[in-house]
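Understanding the architecture of this molecule
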Amino acid sequence: MHNILIIEDEPGLQITLQDRLVSENYKTAFAVDGNEGYQKALQNNFDLIILDVMLPGKNGFDVCRDLRNKNIETPILMLTARGELPDKIVGLKLGADDYLTKPFEMLELLARVEALLRRGQKPVSVNSDGYTFGSIKVNLKSAEIFKNGHPVELSAQEFRLLKFFIENRNEILSREYLLKNVWEYEEAPTTRTVDVHIAWLRQKLEVKAKHPQFFVTVHSLGYKFLG
């Protein structure tokens, strides 16, 4: 589960961001001024920082610059009420990875968040020997899976689905897309095949199948693997 630090002093926006990000299965932490945010970013391992420019104590530009000077490479998405091009250029030159002007649509912010998280990850090679998430270790060459050191038996189709999820982690994948790319159906039929196979993966690989941490449902859109 990705951990996102939100440095924002506006209470209403804090609540809105937290509610939506948590609903998308992100873990969040908050700071209400620049100094607090800077210290939290230094002391904790975050996957992404959402950083407001206009902050008490230490503005977002200074926070961004000082974090980069400390070799903190966490992706930074800057938020600001300003729309002028010079401010955007300043933020990007100081090391921000992306820039979003208030007010913004939440779907746009989520798209930016996903893109930055993908950019910040090391790509998984389908030819690599192994991939690990949680207590699960997957050998992509031999199709062997271990949970807490014990072997887990997957069917061939379950393994193909797992491998496809790993190759496309953090992407929202519709049922139709999975049927066409994993099952190789030319036309996606009306079927619960995807749901059933994901339920099996959850039973075998999740800590709690009813409260999945890795194979999560994205309401009305499909599924996402958060390994």
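Just so it is clear, the structure is predicted and the values come from calculations on it, not from any experiment.

The residue Thr74 is located in the loop between helix 3 (60-69) and strand 4 (76-80) in this model. When neighbours within four sequence positions are excluded, Thr74 is seen to be in contact with Phe46, Asp47, Leu48, Ile49, Arg68 and Asp97.

With that out of the way, let us pick up the packing of helix 2 (residues 34-43) against helix 3. At a closest axis distance of 10 Å, the pairing of helix 2 and helix 3 adopts a crossing angle of 25°. Considered as vectors, helix 2 and helix 3 are oriented roughly parallel to each other. Where helix 2 crosses over helix 3, the two elements pack in a sense that is right-handed. Residue-level inspection shows Gly34, Tyr38, Ala41 and Leu42 of helix 2 in contact with helix 3, the latter providing Val63, Asp66 and Leu67.

So, about the sheet that holds strand 10 (residues 172-173). An order of 10-12-11 is seen for the 3 strands of this open sheet, with the pairing classed as antiparallel. Edge positions in the open sheet fall to strand 10 and strand 11 (215-218), since each of these has one partner strand only. Relative to strand 12 (residues 222-225), strand 10 is paired through 2 bridges, and the arrangement is antiparallel. Of the residues in strand 12, the one forming a bridge with Ile172 is Lys224. Relative to strand 11, helix 8 (residues 193-205) is tilted by about 140°, and along the sheet it contacts strand 11 and strand 12.

The rules behind the values
- Residues numbered from 1 in each chain as written.
- Predicted model: local features only at pLDDT ≥ 70, side-chain atom pairs only at ≥ 80, totals over all residues.
- Heavy atoms only, no water.
- Helix = DSSP H or I, 4+ residues; strand = E, 2+ residues; numbered from the N terminus.
- Contact = heavy atoms within 4.5 Å.
- Axes fitted to C-alpha atoms, helices over the stretch in contact; angles between N-to-C directions.
- Parallel < 35°, antiparallel > 145°, perpendicular 65-115°, else oblique.
- Left-handed = near helix turned anticlockwise from the far one by under 90°.
- Pairing = 2+ DSSP bridges.

On their own, these measurements won't tell you what the molecule is for.
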